[in-house]
Amino acid sequence: MANRLFNSKNSMFCEKLRVVLAMKKVPYDVVDVRADERKSLIAFSNQRKGPTMDIDGQCIQDSTILAKYWEEKVPEPTIYPDNPSDKGLCLMLEDWADEDLNGAVMSFRRAKTDEDLQQAEKDLAVHLENLDLLYSGRDFLFGRMTLADISIYAQLHYLYTSLDREIDGKYTHVHAFMARMLKELGVPSIKEVA
Ligand SMILES: N[C@@H](CCC(=O)N[C@@H](CS)C(=O)NCC(=O)O)C(=O)O
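These figures come from a predicted structure and were not determined experimentally.

*Asks:* Give a description of the overall build of the protein chain that names residues and reports values.
*Replies:* Across its full length, the protein chain holds seven helices and four strands. The N-to-C order of helical and strand elements in the protein chain reads β-α-β-α-β-β-α-α-α-α-α. Overall, the C-alpha framework of the protein chain stretches about 45 × 45 × 30 Å when taken along its three principal axes. Relative to its full complement of 194 residues, the protein chain shows a buried share of 30%. Nonlocal contacts in the protein chain, meaning residues at least 24 apart in sequence, comprise 66% of its contacts between residues at least 6 apart.

*Asks:* An account of the packing of helix H4 (residues 84–110) against helix H6 (residues 147–161) is needed here, citing residue identities and associated values.
*Replies:* The interhelical angle for the contact between H4 and H6, taken along N-to-C directions, is 10°, at an axis separation of 8 Å. On the basis of their axis angle, the class for H4 and H6 is roughly parallel. Of H6, the residues touching H4 (which contributes Cys 90, Leu 93, Glu 94, Ala 97, Asp 98, Leu 101, Asn 102 and Val 105) are Leu 147, Ala 148, Ser 151, Ile 152, Gln 155, Tyr 158 and Leu 159.

Definitions and cut-offs
- Residues numbered from 1 in each chain as written.
- Predicted model: local features only at pLDDT ≥ 70, side-chain atom pairs only at ≥ 80, totals over all residues.
- Helix = DSSP H or I, 4+ residues; strand = E, 2+ residues; numbered from the N terminus.
- Buried ≥ 20, exposed ≤ 12 C-beta atoms within 10 Å, placed from the backbone.
- Contact = placed C-beta atoms within 7 Å.
- Axes fitted to C-alpha atoms, helices over the stretch in contact; angles between N-to-C directions.
- Parallel < 35°, antiparallel > 145°, perpendicular 65-115°, else oblique.

Given below as structure tokens:
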């Protein structure tokens, strides 16, 4: 099987997928989409977004769809909880992280004025407060690392790797979670991507 990942090193969605591929030990070649301003990605897939994969000539796009695809191809280790109800919640949290948490994180990138930045801080603080509660007394949301944890980690990690920002130290459970993720993934420092 020949697999190619059209990858952007710092993209949170690419990092999310790379974690899944690493967990499942899927071999793949990397095409750096920034090296040719996405020309080879557009030529192959007719669109600009990564992560996109060429899997034996088949084009599959979107981290959620690709995670599901690889779960079906390589079921072990699973990225979802075993219990169906927990799996539903895991998928909801994946969607929340990819959409809502992503929106809050990307607000920092889009901010043009000090006011925008202050608003971004306020919006992210709501999510961080909730996440701090969510991770209190838990290493991972469903007992072991699942796609919910990976999706949340990928968004929060982008603050460090691409926006040169840090999460306030008062969110102790979020900090402990991020440290656990880095350890689990073998990432030597929070500024480096998985
Ligand atoms: N829902 C998609 C989002 C993918 C996405 O937004 N990718 C961004 C990188 S973080 C991208 O490639 N943007 C380039 C563009 O839109 O031109 C997923 O989960 O893969």
